[in-house]
Amino acid sequence: EPEVTQTPSHQVTQMGQEVILRCVPISNHLYFYWYRQILGQKVEFLVSFYNNEISEKSEIFDDQFSVERPDGSNFTLKIRSTKLEDSAMYFCASSGSADRDPNQPQHFGDGTRLSIL
Amino acid sequence: AQRVTQPEKLLSVFKGAPVELKCNYSYSGSPELFWYVQYSRQRLQLLLRHISRESIKGFTADLNKGETSFHLKKPFAQEEDSAMYYCALSTGGFKTIFGAGTRLFVKA
């Protein structure tokens, strides 16, 4: 069964540095998402991406964050000038082989644990 | 405001007992509701969605628009049901809001 894959599984970065989290969604999916989960807290929506542009973003997703689908297979989350509070588990998800139906179940990756020192 | 509330952080039941994981939502439009589950050392995965009205692994969930609830139920809990359960609301666009999750522990 196809899976969403995320790399790396754990990323340790110095505060102030930039980090790129990578995801390979399921190949025929059309909708892509990033979530984060701070330790002990709920899963929080960050951003959704469809048709090569951001569809929706949360208030968390400020100018520090950006997403890109550079080559038709990878889906990346870039965090510039990282802060201590960016430490969290970041999940990528994809859904939907049917166009214009974003409410299809999402398939999640295993997550990347980001630790900011 | 759009919100999903799971009032119980931890629910502990004995094997064979009925289980109900509560979920309430706040949304003015027509909601799409899901239950996701995360077993130990596994990824988050879909358990069921309200629109499909199916039973997965013995679990069912009924959308009650009057009470704005989508509680997850199983008549006889099994040890392998022990996991973290998340209720999630999709708002008809491209955003999904998760509840805080309930950890279900089924005791032998």
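None of these values were measured; they are calculated from a predicted model.

Q: Sorry if this is basic, but what is going on with the packing of aromatic side chains here?
A: Centre distance and the angle of the planes are the two values used to describe a pair of aromatic rings. Summed over the entire model, instances satisfying the criterion amount to 15 aromatic pairs over all chains. Ring geometry for A:Tyr31 and A:Tyr50: centres 4.6 Å apart, planes at 10 degrees, overall stacked. Here A:Tyr50 lies in strand 5 (residues 43-50) and A:Tyr31 lies in strand 4 (residues 31-37), a separation of 19 residues in the sequence. Residue class for A:Tyr31 comes out buried when judged on its relative accessible area of 0%. With centroids separated by 6.1 Å and ring planes inclined at 35 degrees, the aromatic side chains of B:Phe34 and B:Tyr36 adopt a geometry described as tilted. Using a relative accessible area of 2% as the deciding quantity, one classes B:Phe34 as buried. With relative accessibility at 1%, the residue B:Tyr36 sits in the buried group. Feature note: the residues A:Tyr33, A:Tyr35, A:Phe45, A:Phe108, B:Phe34, B:Tyr36, B:Tyr86 and B:Phe98 constitute an aromatic cluster, connected by ring pairs. Between B:Lys107 and the ring centre of B:Phe14, over which it is positioned, the NZ or CZ distance is 4.3 Å.

Q: When you look at the interface of chain B and chain A in this model, what are you seeing that I'm missing?
A: Think of interface size as the accessible area that goes away when the parts come together; that is how it is often given. In this complex, chain B contributes 18 residues to the contact, which on the side of chain A involves 22 residues. The junction of chain B with chain A conceals about 1900 Å² of combined surface from both sides, 52% of it contributed by carbon and sulfur atoms. Interface area lost by chain B to chain A is led by B:Arg43, B:Phe94 and B:Phe98, which between them contribute 42%. Salt-bridge contacts for A:Glu3 lead to B:Arg43; the nearest nitrogen and oxygen are separated by 3.6 Å. At the surface where chain B touches chain A, the tally comes to six residue pairs in polar contact (both at pLDDT 80 or more). Tallied by class, residues from the side of chain B that touches chain A come to nine nonpolar, five polar and four charged.

Q: Could you clarify how one ought to interpret the pattern of salt bridges in this entry?
A: Any two side chains of opposite charge can pair, given that their charged atoms come close. With the rule as written, the count across this model stands at seven salt bridges over all chains. Between B:Arg43 and A:Asp110 there is a salt bridge, with its nearest N and O atoms 3.1 Å apart. Placement of the pair is B:Arg43 in the loop between strand 5 (32-38) and strand 6 (45-49) and A:Asp110 in the loop between strand 10 (107-108) and strand 11 (112-116), with the two residues belonging to separate chains. The class of A:Asp110 is partly exposed, set by a relative accessible area of 46%. B:Glu20 is the partner of B:Lys73 in a salt bridge, and the nearest nitrogen-oxygen pair spans 3.7 Å. One end of the pair, B:Lys73, is in strand 8 (residues 72-74); the other, B:Glu20, is in strand 3 (residues 19-21), with 53 residues separating them in the sequence. Its relative accessible area of 29% is what places B:Glu20 among the partly exposed residues. Taken together, the salt bridges that share partners define one network made up of A:Glu3, A:Asp110 and B:Arg43.

Cut-offs and rules
Residues numbered from 1 in each chain as written. Chains lettered and ligands numbered in written order. Predicted model: local features only at pLDDT ≥ 70, side-chain atom pairs only at ≥ 80, totals over all residues. Heavy atoms only, no water. Phe/Tyr/Trp six-rings, centres within 6.5 Å; stacked < 30°, edge-to-face > 60°. Helix = DSSP H or I, 4+ residues; strand = E, 2+ residues; numbered from the N terminus. Buried < 20%, exposed > 50% of the residue type's maximum accessible area, 1.4 Å probe, protein only. Lys NZ or Arg CZ within 6 Å of the ring centre and 35° of its normal. Contact = heavy atoms within 4.5 Å. Buried area = accessible area lost by both parts, 1.4 Å probe. Salt bridge = Lys/Arg side-chain N within 4 Å of Asp/Glu carboxyl O. Polar contact = N/O pair within 3.5 Å; in protein donor to acceptor, adjacent residues only side chain to side chain. Nonpolar A, V, L, I, M, F, W, Y, C, P; charged D, E, K, R; others polar.

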